[in-house]
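What follows is each chain in one-letter form.
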Amino acid sequence: ARRSCLAPVTVQGAWELDDRGSYDPGRRLVTVRIPGTAPNLRASLVHEFAHHMEFTCPEQHDVRVPFLVAQKLPPSAPWFEGGSLETTPSEQFAESVVQVVLGPPARPAMLILPGSIALLRAWARGDLRHGP
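A brief look at the structure comes next. (Residues numbered from 1 in each chain as written. Predicted model: local features only at pLDDT ≥ 70, side-chain atom pairs only at ≥ 80, totals over all residues. Heavy atoms only, no water.)

**Focus: the side chain of His 47**
Short version of the rule: In DSSP terms, a helix is any run of H or I states spanning at least four residues, a strand is any run of E spanning at least two, and both are numbered starting from the N terminus. Only protein chains enter the area calculation, which uses a 1.4 Å probe; residues under 20% of their type maximum are buried, those over 50% are exposed, and those in between are partly exposed. Contacts are assigned to residue pairs with any non-hydrogen atoms lying within 4.5 Å of each other.
By secondary structure assignment, the location of His 47 is in helix H1 (residues 38-56). For His 47, a relative accessible area of 9% translates into the label buried. Excluding residues that lie within four positions of it along the chain, His 47 makes contacts with Glu 91, Ala 94, Glu 95 and Val 98.

Below, the structure written as structure tokens:
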């Protein structure tokens, strides 16, 4: 249900990159580190596409507060700030999208609560329009 919400994006590979992937919202550019295993590349692409959606899909803003609540964070928590990568709501959102699209990882990088996955799955199907 959210496919039309994704604006065009460019993907490039990089032999050297500090992380497995990155997103440049100004250029709408996803960069993934190569080489990489197929599972890592898939997860990295989905993670970075989730960040792309944050910047290009106005509908994504409707799910932010319900997502924060599902993750047991304050509804007023800053979306792009956290004490670490693992505690930043935007990063938790991107990892949740990875689990919605690809299923749970063998080794979770951060705590994603089941309610967050259910919320995003419903939102992606179009079953959730303006919060729970």
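**Looking at the side chain of Ser 116**
With respect to the element layout, Ser 116 can be found in helix H4 (residues 114-125). Among residues more than four places away in sequence, those in contact with Ser 116 are Phe 67, Ala 70, Gln 71 and Ser 96.

**Considerations on H4**
Rules: Here the expected span of a helix is defined as 1.5 Å times the quantity of residues minus one.
The end-to-end C-alpha separation of H4 is 17 Å, in line with the 16 Å expected for twelve residues at 1.5 Å each. For H4, the complete set of buried residues consists of Ser 116, Ile 117, Leu 119, Leu 120, Ala 122 and Trp 123. Elements in contact with the buried residues of H4: H1, helix H2 (64-70) and helix H3 (89-102).

**As for the pairing of strand E2 (residues 21-24)**
Operational definition: A pair of strands is labelled paired if DSSP reports no fewer than 2 bridges between them.
Where burial is concerned, the two faces of E2 differ: the one with Gly 21 and Tyr 23 is buried and the one with Ser 22 and Asp 24 is not. Judged from the four bridges that link them, E2 and strand E3 (residues 29-33) form a sheet pairing that is antiparallel. For Ser 22, the partnering residue across the bridge sits in E3 and is Thr 31. Where E2 hands over to E3, the hairpin turn is made up of four residues, of which Arg 28 adopts a positive phi near 50°.

**Remarks on the state of the cysteines**
Applied cut-off: The rule for a disulfide is simple: a pair of cysteine sulfur atoms within 2.5 Å.
Following the criterion strictly, the structure yields one disulfide and no others. Put simply, Cys 5 and Cys 57 are joined by a disulfide, and their sulfur atoms are 1.7 Å apart. As the torsion about the S-S bond is roughly 105°, the Cys 5-Cys 57 disulfide counts as right-handed. Here the residue Cys 5 occupies a position in the segment before strand E1 (10-14), and Cys 57 occupies one in the loop between H1 and H2, the gap between them amounting to 52 residues. Accessibility classification places Cys 5 together with Cys 57 in one group, the buried group.

**Here we look at the packing of aromatic side chains**
Filter applied, for reference: Note on ring pairs: Phe, Tyr and Trp rings are taken, using the six-membered ring of Trp, and paired if centres are within 6.5 Å. Classes follow the plane angle, with under 30 degrees stacked, over 60 edge-to-face and the rest tilted.
One pass over the full model with this rule turns up five aromatic pairs. Plain terms: the ring middles of Trp 79 and Phe 93 are 5.8 Å apart, the flat faces sit at 55° to each other, and that makes the pair tilted. Placement of Trp 79 in the loop between H2 and H3 and of Phe 93 in helix H3 is noted, with a sequence separation of 14 residues between them. Taken individually, Trp 79 and Phe 93 each receive the classification buried, so the pair is uniform in this respect. Taken together, the ring pairs connect Tyr 23, Phe 55 and Phe 80 into an aromatic cluster.

**Re unusual backbone geometry**
Cis geometry marks the peptide bond from Ile 34 to Pro 35; its omega dihedral reads -5°. A positive phi is found at Arg 28, a non-glycine position, where the angle reads about 50°. Within the secondary structure, Arg 28 is located in the loop between E2 and E3. We note that Lys 72 has phi near 65°; this positive angle belongs to a residue other than glycine. Mapped onto the elements, Lys 72 comes out in the loop between H2 and H3. By relative accessible area, which is 69% here, Lys 72 ends up exposed.

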